[in-house]
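# What the coordinates show
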Amino acid sequence: MCTRLFSLYKSCFCAVEIVQHLSHRAGRALYSKSPNISSDISDHPRVVGSMKYILVTGGVISGIGKGIIASSVGTILKSCGLHVTAIKIDPYINIDAGTFSPYEHGEVFVLDDGGEVDLDLGNYERFLDIRLTKDNNLTTGKIYQSVINKERRGDYLGKTVQVVPHITDAIQDWVMRQAKVPVDDDDVEPQVCVIELGGTVGDIESMPFIEAFRQFQFKVKRENFCNIHVSLVPQPSATGEQKTKPTQNSVRELRGLGLSPDLIMCRCSTPLDNSVKEKISMFCHVEPEQVICVHDVSSIYRVPLLLENQGVVGYFCRRLNLPIETKPRKMLAKWKEMSDRSDRLLEQCSIALVGKYTKFSDSYASVIKALEHSALAISHKLEVKYVDSADLEASRLQEEPVRYHEAWQKLCSANGILVPGGFGVRGTEGKIQAISWARKQKKPFLGRTCLKFIKTEMSCSVCECLEAVLSKVWLLFFLDANSTEFDPETEHPVVIDMPEHNPGQMGGTMRLGKRRTIFKTKNSILRKLYGDVDHLQIFVLFLGVLAWMKAVLFVLCEQVNPELTQHFEEKGFRFVGQDVEGERMEVIELDDHPYFVGVQYHPEFTSRPIKPSPPYLGLLLAAAGRLPGYLQKGCRLSPRETYSDGSGSSSPDSEIADLKLHSLAQE
C-alpha cells in the first residue's frame, strides 16, 4: 500500500514539474515578444500617482546583503529623479533595537526623532541621503503591541483577535501609512517604497509578514508591487563550481508561501556564468534577464552601478510603470567617480580604533563608514587598526603579555586615534591610557560621545597636567577625581549625572535624537571645519540605565561638573560647544595640539559618502598631516579631490557644487 502511495505521489510530482516547465517555456515565448529588458524605457506609458512597493526578501542564509541591495535599488531609482523611501522589517519581538548587545546585531543606529533602529536604516540614510523616522523600522513587537492596545480599547468590537486577519492587516496598514511620509528635505511624498524583510524565508517568526505581503500584492495591484529575492550561489573551493540548488530551494519555498520573485539577485564571490543564469532561470520560473548577479566588488558603492549595468532600472520601469524619463543620471556618475577613486588610492592613513567591542566590526558600523567617507574625500586609503581597550591595561601585561604588546604596537604605529565611548568599568583604564598617550605624544585624536574621554582627560590625564600648573591643594583634590558612572559615591565628581538620568527600566528610557549645540568661541578648529557656523544640529542620546553595554549608542547621561569647567579652560582644555541652556558641555578641544577633539554627540550618523562628517574629516586630515593647509584654504579640498560639478548629487532636485561642509551644520 505504501509503495503504491509513493508511486502515485511521485507521478503527481513529475506531472507538476512538467506543467511548470511547459508554462515556463510558454511564458518565455510570450515574453520574447515584448521589448528586451534593456530597451529604451521612454517607449512605454507611464502611470503617475500610485505608490510603488518593492519588497526585498532573502533566502539560504541571513546577513546575505539584503540591506546593501535594498539601499542600492533605492539609489538607482532616486538617481532617475524619483523620491524614494525605505522600510526595514525585523521579525524579532523586541519593540526596537535599543536594548541589543553590540555582538547580537551590531550597532544601534539612531534617527532624528530618537528612534533606536537596526543598522540597515543607517545604510538607507547614507545611500539615499534621506531622513527616516522610528516608524520606518517595523518589528513584531511593535505590531503586536499595536494590535493588543487596540484590543484593550475595544476597537475590534469583541471579535476574536487572530494573526490573520488582524496582525496581517496591521502590517499592511503600517507599511501603506509610513510609505507616504516625506523623507527628503523638500517634504515631497515618496513615489517608491523599498521594503526589506529581515531574516530568511522559512523562518517561523517571519511567517506573518510573508502572509501579509501575499495579501498586499493583490490589495495594491500587480503593477504597483514587485518582489526581489536575494539568494546565495555558493562556490565550494573543492570544485570551483557555482551551485544553484540553494537558490532553487529558497525560491521554491518562497513561491510555496504565495510570493513569486520578479528579480532573483544572486550573491556570489565571482560573476555568474551564463549557464548558471540559465539554470536558475529554468528552475525558478523567471527569464535569464531577471537573474541579477551581485558578486563581490571592491566597494559597496559599486553595487548600485552593478545593478544599473544589468538593466534593473529598465525592468522596474516596465514592470511598475514608473514615471521615469530618459535623462543623464548625474547622481550615479558621481558614485562612479567616487568608486573609481577608491580603487586608485595609493596613500594610506591608519586610525587606531580603541574600543570595547572590536571583535565585531558591525558594532562600529557608522563610525567605520564615517572614517571611510573622510579618507576617500582626501584621497587616502583607510586602514583601521582595532584595539581592544582592555588589552592596553597593566593587568593584561601580567596575564597575556603578547596581547598587551601587540595592542600597544598597533596604537603607537597608527597615524591617528579614535576612542568611541561605552558603558561600565571594563576597558575604561585602557581608554585612559590611549587618550593620555595621544595627548602627550600630540597624536591626532577624536573622542566620540565618550564618557570615558571626559573622565579620562579630566580626572586622570588632566591630573597629570594639573600637577605642573595647579597648587598642591588642587592636585590632592583631583587625585581622587571620578565619574558618578563608575563610583556613585565619589567625593570628587568631575563628571556628574544629568538631570534626565533615570536608573529605571532598561529600554526606552533615553532622551534621543537631534539637538542644538552652540559654539562659544570663534577660535575653534571644529567650528571652522563646520564652515564657521554659530550652532550645530547634533545627534545626542540621554541614557536611562548605565549598566547596559551597547555598541555605538554611547549616551550623554553625564556632563562635566560646571563648577570645574573654568579651571580646565584656564589650563588649555577649552569647552568650545555647549547646549542651548549652557548647562551641558558638548565639545572640547585641547590647545597646543594638532587635533585633540572630544564631542558629546554622534557626528557619524550624519556622514554621507560624498559629504563626510567634519569631526571625522578633521581627524583624517590631521592624521595625514594636511589639516593646517585645509584650514588655511578656507576648509576646501584641492580641485583633484573634489567631485566634479557636472556629476550631480544625491538629491534629485539639486546639485552639490563642492565639498564645503557648511550645509551639515544648518537646520
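Naming follows an unreviewed UniProt entry, where the protein chain appears as CTP synthase of Cyprinus carpio. One UniProt comment on the protein chain, placed under Pathway (unreviewed entry), says "Pyrimidine metabolism; CTP biosynthesis via de novo pathway; CTP from UDP: step 2/2." The Catalytic activity (unreviewed entry) field of the UniProt record for the protein chain holds the comment "UTP + L-glutamine + ATP + H2O = CTP + L-glutamate + ADP + phosphate + 2 H(+)".

When helices and strands are tallied, the protein chain shows 22 helices and 21 strands. When each of the 667 residues of the protein chain is scored for burial, the buried share is 56%. For the protein chain, the accessible surface area stands at approximately 27700 Å², while carbon and sulfur atoms represent 53% of it.

A sheet is described by the order of its strands in space; here seven strands give the open sequence 5-2-6-1-7-8-9, paired in parallel fashion. Each edge of the sheet is formed by a strand with only one pairing partner; in this case those strands are strand 5 (137-139) and strand 9 (291-295). Going from strand to strand, the sheet's axes swing by 20° on average, the running direction of each strand aside. Alignment of strand 8 (residues 263-268) against strand 9, held across five bridges, turns out to be parallel. Bridge assignment links Cys268 to a residue of strand 9, and that residue is His295. Across the sheet, helix 2 (residues 66-78) is in contact with strand 1 (52-58), strand 2 (84-90), strand 6 (192-197), strand 7 (225-232), strand 8 and strand 9; its angle to strand 6 comes to roughly 175°. Strands in contact with helix 4 (residues 120-128) are strand 2, strand 5 and strand 6; relative to strand 2, the strand with the most contacts, it is inclined by about 170°.

As a further point, take the packing of helix 5 (residues 140-153) against helix 6 (residues 163-178). At a minimum axis separation of 10 Å, helix 5 and helix 6 run at an interaxial angle of 115°. As far as their axial angle goes, helix 6 and helix 5 are roughly perpendicular. For the element pair helix 5 and helix 6, the recorded crossing hand is right-handed. Contacts between helix 5 and helix 6 pair Lys142, Ile143, Tyr144 and Val147 from the former with Val163, His166, Ile167, Ala170, Ile171 and Trp174 from the latter. Broken down by class, the residue content of the contact of helix 5 with helix 6 amounts to eight nonpolar, one polar and one charged.

Let us now look at the pattern of salt bridges. Applying the stated criterion across every chain, the model contains 26 salt bridges. Connected through shared salt-bridge partners, Asp112, Glu125, Asp129, Arg131, Arg608 and Lys611 make up one network.

Counting 54 residues, the largest nonpolar core has Val73, Leu77, Ile228, Met265, Leu307 and Phe316 as its most contacted members. Here Val73 is in contact with Ile54, Val194, Ile228, Met265, Leu307 and Phe316, once residues within four sequence places are set aside.

Further remarks concern the confidence of the model for the protein chain. Overall, the predicted model of the protein chain reaches an average pLDDT of 77, with 69% of residues at or above 70. Low confidence marks residues 645-667, where pLDDT is under 50. Its contacts with residues over four positions away, or in another chain, come to 66 contacts.

Take the packing of aromatic side chains next. Enumeration over the complete set of coordinates arrives at 13 aromatic pairs. Their ring planes at 80° and their centres at 4.8 Å tell us that Tyr53 and Phe216 sit as a pair that is edge-to-face. Here the residue Tyr53 occupies a position in strand 1, and Phe216 occupies one in helix 7 (residues 207-219), the gap between them amounting to 163 residues. Each member of the pair Tyr53 and Phe216 is classed as buried. For the pair Tyr103 and Tyr357, a centre-to-centre distance of 6.1 Å together with 75° between the ring planes defines the contact as edge-to-face. With Tyr103 in helix 3 (residues 102-105) and Tyr357 in the loop between strand 10 (348-355) and helix 13 (365-377), the pair connects residues that are 254 residues apart, well separated along the chain.

Contact geometry of helix 13 with helix 21 (residues 614-623) gives a least axis separation of 9 Å together with a crossing angle of 55°. The angle between helix 13 and helix 21 places the two elements in the oblique class. At the point where helix 13 passes helix 21, the crossing takes the right-handed sense. Counting all contacts with helix 13, which are made through Val367, Ala370, Leu371, Ser374, Ala375 and Ala377, the residues of helix 21 involved are Tyr616, Leu617, Leu619 and Leu620.

Time to look at the pairing of strand 7. For strand 7, the tally of buried residues reaches seven of eight residues, placing the bulk of the element in the interior. Sheet topology note: the strand 1/strand 7 ladder contains six bridges and is parallel. Looking across to strand 7, one finds that Thr57 is bridged to His229. Relative to strand 8, strand 7 runs parallel, the two sharing five bridges. Each bridged residue has a counterpart across the sheet, and for Ser231 the counterpart in strand 8 is Cys266. Tracing the backbone out of strand 7, into helix 8 (residues 245-256) and back to the parallel element strand 8 gives a crossover that is right-handed.

This next bit is on helix 5. One turn of an α-helix holds 3.6 residues; hence residues three or four places apart share an orientation. The end-to-end C-alpha separation of helix 5 is 20 Å, in line with the 20 Å expected for 14 residues at 1.5 Å each. Of all the residues in helix 5, the buried ones are Thr140, Gly141, Lys142, Ile143 and Val147. Contact partners of the buried residues in helix 5: strand 2, strand 5, helix 6 and helix 7. Looking one or two residues beyond helix 5, the residue adopting positive phi is Gly154, at roughly 85°.

The step from Val164 to Pro165 runs through a cis peptide bond, and the omega angle for that step is 20°. Position of Pro165 among the secondary structure elements: in helix 6. Not every positive phi belongs to a glycine, and Asp187 is a case in point at roughly 60°. By the secondary structure assignment, Asp187 is in the loop between helix 6 and strand 6. Phi at Asn321 is positive, roughly 50°, even though this residue is not glycine. Here Asn321 is to be found in the loop between helix 11 (312-320) and helix 12 (330-344).

Of all seven residues that make up strand 2, seven are buried, and the element is covered over most of its length. Residues Val84, Ala86, Lys88 and Asp90 point to one face of strand 2 and Thr85, Ile87 and Ile89 to the other, with burial holding for every one of them. Where strand 2 meets strand 6, six bridges bridge the pair, whose relative direction is parallel. When the bridges of strand 6 are listed, Ile89 appears paired with Leu197. Both strand 2 and strand 5 contribute to a ladder of three bridges, which runs parallel. Across the sheet, Ile89 pairs through a bridge with Leu138, a residue of strand 5.

Conventions used here
Residues numbered from 1 in each chain as written. Predicted model: local features only at pLDDT ≥ 70, side-chain atom pairs only at ≥ 80, totals over all residues. Heavy atoms only, no water. UniProt positions renumbered as here; feature names shortened; annotations may be inferred. Helix = DSSP H or I, 4+ residues; strand = E, 2+ residues; numbered from the N terminus. Buried < 20%, exposed > 50% of the residue type's maximum accessible area, 1.4 Å probe, protein only. Areas by Shrake-Rupley, 256 points an atom, 1.4 Å probe, with all protein chains shown as cover. Pairing = 2+ DSSP bridges. Axes fitted to C-alpha atoms, helices over the stretch in contact; angles between N-to-C directions. Contact = heavy atoms within 4.5 Å. Parallel < 35°, antiparallel > 145°, perpendicular 65-115°, else oblique. Left-handed = near helix turned anticlockwise from the far one by under 90°. Nonpolar A, V, L, I, M, F, W, Y, C, P; charged D, E, K, R; others polar. Salt bridge = Lys/Arg side-chain N within 4 Å of Asp/Glu carboxyl O. Core = buried A, V, L, I, M, F, W, Y, C linked by side-chain atoms within 4.5 Å. pLDDT = per-residue confidence, 0-100. Phe/Tyr/Trp six-rings, centres within 6.5 Å; stacked < 30°, edge-to-face > 60°. Right-handed = clockwise from strand over helix to strand, strands pointing away. Expected span 1.5 Å × (residues − 1).

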